[in-house]
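# Chain and residue survey
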Protein chains: 2
Amino acid sequence: MGYNVMSRTCPSRVVLHRIGARWTVFVLNALEHQPLRFVQIKTHIQGITPKVLTETLRTLERDGLIARTDFEENPPRVEYELTVLGRSLLEPLRAVRLWAEEHVPEIQAANAVAAMEPDRR
Amino acid sequence: MGYNVMSRTCPSRVVLHRIGARWTVFVLNALEHQPLRFVQIKTHIQGITPKVLTETLRTLERDGLIARTDFEENPPRVEYELTVLGRSLLEPLRAVRLWAEEHVPEIQAANAVAAMEPDRR
DNA sequence: TAACTCGGTATCCAAAGCATACCGTCACGG
DNA sequence: CCGTGACGGTATGCTTTGGATACCGAGTTA
């Protein structure tokens, strides 16, 4: 398959940029074990604002990674869940997340060292 | 290890956001096989602007993922290469990149479907 | 009828990213 | 000795994305 993320016009470039979008990883991870409602996702991912969460969810839905179900009840109930496609992305992303959680000390150490070095200009 | 990316204050959150930064994946991938010079990286990653590349390189250097060597020659020669830490991130990231390259058609199809649906409001 | 819940918008501001032009140093060719 | 070019970036100005906070509409409950 002739896709190559390094090419400026390659569609895989777009896809990779989308995955890298600030909150994608967090949302997909939040939905790993069960469908969740808007407020539940927002609570789970501490610090995300409703506007950004809405945008992220819409994008993921358009890309076919999550499905949105509006039960049209009242008070409103809307659930988001991973699609098969979205679930297939979980494993690669989990590896990255685990790497992040494992290597925090090394990165903090590197930052500490860099902070005491004279600025390069 | 008590790190959890979902916590607002957790350092792993910062690390994960940094990995997800727009160009990190591309730069690390570019350096996979050998050290490269600034212009080589810029050529390899089509479409990145020099300003953004500079910022990305500085951040990666601060985080200890790449090393910068200035040979102080003339014309200037500066090489960037992965550190051991940076190299350890390659494998998780490669999985994500491959996923992106593999699932382009599905995502394009999902977008095509979404484009013909009436707007939800 | 007033308060509450939920799933968002509206508004405004800050930060990140992009396009383009330009710079300083030195080597080299003429 | 002067112009040209390579390299590794900066400078500038703009657009896009992200963030904080307030608010809304519908229906249910008290």
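The coordinates are above.
A brief structural summary. These figures come from a predicted structure and were not determined experimentally.

### Looking at helix 4 (residues 50-62) of chain A
Residues and elements named next belong to chain A. Taking 1.5 Å of rise per residue, the 13 residues of helix 4 would be expected to cover 18 Å, and the 18 Å separating its terminal C-alpha atoms lies within 8% of that figure. Every buried residue of helix 4 is listed here: Leu53, Thr56, Leu57 and Leu60. The buried residues of helix 4 occupy one face: seen down the axis, they fall within an arc of 100 degrees. In the core, the buried residues of helix 4 are packed alongside helix 2 (24-30), helix 3 (38-44), strand 2 (66-70) and strand 3 (78-82). Positive phi appears at Gly64, one or two residues downstream of helix 4, with a value of about 80 degrees.

### A short note on the interface of chain A and chain B
Listed by partner, the interface residues are 55 residues for chain A and 55 residues for chain B. When chain A packs against chain B, close to 5000 Å² is buried across both sides, 67% of that on carbon and sulfur atoms. Seen at the junction of chain A and chain B, the total is zero salt bridges. Contributions of two or more residues to the side of chain A that touches chain B are made by helix 1 (11-19), helix 2, helix 4 and helix 5 (84-116) of chain A. A total of 21 residues in the side of chain A that touches chain B trace back to one element, the largest contributor, which is helix 5 of chain A. Its residues assigned to classes, the side of chain A that touches chain B shows 27 nonpolar, 14 polar and 14 charged.

### Digging into unusual backbone geometry
Residues and elements named next belong to chain A. The omega torsion across Asn74 and Pro75 is 0 degrees, close enough to zero to call that bond cis. As for its placement among the helices and strands, Pro75 is situated in the loop between strand 2 and strand 3. Phi angles above zero are rare outside glycine, and Glu72 is one such case at about 50 degrees. Along the chain, the position of Glu72 falls in the loop between strand 2 and strand 3.

### Concerning the sheet that holds strand 2 (residues 66-70) of chain B
All names here are of chain B. Read from one edge of the open sheet, three strands run 1-3-2, paired in antiparallel fashion. Two strands close off the open sheet at either side, each with one partner strand: strand 1 (36-37) and strand 2. Pairing of strand 2 with strand 3 (residues 78-82) involves five bridges; the strand directions are antiparallel. Bridge pairing in strand 3 places Ala67 opposite Glu81.

### Side note on the packing of aromatic side chains
Under the defined criterion, the tally for this structure stands at two aromatic pairs over all chains. Between the aromatic rings of Trp23 of chain A and Phe26 of chain A, the centroid separation amounts to 5.3 Å while the plane-to-plane angle is 55 degrees, which identifies the pairing as tilted. Like Phe26 of chain A, Trp23 of chain A is buried. Against the face of Phe26 of chain B rests Arg13 of chain A, its NZ or CZ located 4.9 Å from the ring centre. A cation sits over an aromatic face here: Arg77 of chain B above Phe71 of chain B, 3.9 Å from the ring centre.

### Concerning the pattern of salt bridges
Summed over all chains, the structure comprises 10 salt bridges over all chains. Residue Arg77 of chain A is joined to Glu79 of chain A by a salt bridge in which the shortest nitrogen-to-oxygen separation is 3.6 Å. One salt bridge in this structure joins Glu73 of chain B and Arg77 of chain B, with 3.1 Å as the shortest N-O distance. Salt bridges here are not isolated pairs; linked through shared partners, they connect Glu73, Arg77 and Glu79 of chain A.

### With respect to the nonpolar core
In summary, soluble globular proteins display a tendency toward joint burial of nonpolar side chains. Ranked by internal contacts, the top residues of the largest apolar core, which has 66 residues, are Leu28 and Ile45 of chain A together with Leu28 and Ile45 of chain B. It is helix 5 of chain A that provides the largest number of residues to this core, a total of nine residues. Those residues in contact with Leu28 of chain A that lie beyond four places of it in its chain are Leu60, Leu65, Ile66, Leu82, Leu89, Leu90 and Leu93 of chain A.

### Digging into the protein's contact with DNA strand D
Near DNA strand D, the surroundings consist of 19 residues, among which Trp23, Lys51 and Asn74 of chain A together with Arg68 and Tyr80 of chain B are the closest. Measuring from a phosphate oxygen of DNA strand D, one finds a side-chain N or O atom of Trp23 of chain A at 2.8 Å. Val78 of chain B is positioned with one of its backbone polar atoms (N or O) 3.0 Å from a phosphate oxygen of DNA strand D. Where the surface near DNA strand D is concerned, the elements lending two or more residues are helix 4 of chain A together with helix 3 (38-44), helix 4 (50-62) and strand 3 of chain B. Considering each element in turn, the surface near DNA strand D owes the most residues, four residues, to helix 4 of chain B.

### As for the sheet that holds strand 1 (residues 36-37) of chain A
Residue and element names in this part refer to chain A. Reading across the sheet, the three strands line up as 1-3-2 and stay open at both edges, with antiparallel pairing between neighbours. Each edge of the open sheet carries a strand with a single partner, namely strand 1 and strand 2. Sheet contacts for helix 4: strand 2 and strand 3; angle to strand 2, the most-contacted strand, approximately 110 degrees.

How each quantity is defined
- Residues numbered from 1 in each chain as written.
- Chains lettered and ligands numbered in written order.
- Predicted model: local features only at pLDDT ≥ 70, side-chain atom pairs only at ≥ 80, totals over all residues.
- Heavy atoms only, no water.
- Helix = DSSP H or I, 4+ residues; strand = E, 2+ residues; numbered from the N terminus.
- Expected span 1.5 Å × (residues − 1).
- Buried < 20%, exposed > 50% of the residue type's maximum accessible area, 1.4 Å probe, protein only.
- Arc of directions from axis to C-beta.
- Contact = heavy atoms within 4.5 Å.
- Buried area = accessible area lost by both parts, 1.4 Å probe.
- Salt bridge = Lys/Arg side-chain N within 4 Å of Asp/Glu carboxyl O.
- Nonpolar A, V, L, I, M, F, W, Y, C, P; charged D, E, K, R; others polar.
- Pairing = 2+ DSSP bridges.
- Phe/Tyr/Trp six-rings, centres within 6.5 Å; stacked < 30°, edge-to-face > 60°.
- Lys NZ or Arg CZ within 6 Å of the ring centre and 35° of its normal.
- Core = buried A, V, L, I, M, F, W, Y, C linked by side-chain atoms within 4.5 Å.
- Near = heavy atom within 4 Å.
- Polar contact = N/O pair within 3.5 Å; in protein donor to acceptor, adjacent residues only side chain to side chain.
- Axes fitted to C-alpha atoms, helices over the stretch in contact; angles between N-to-C directions.

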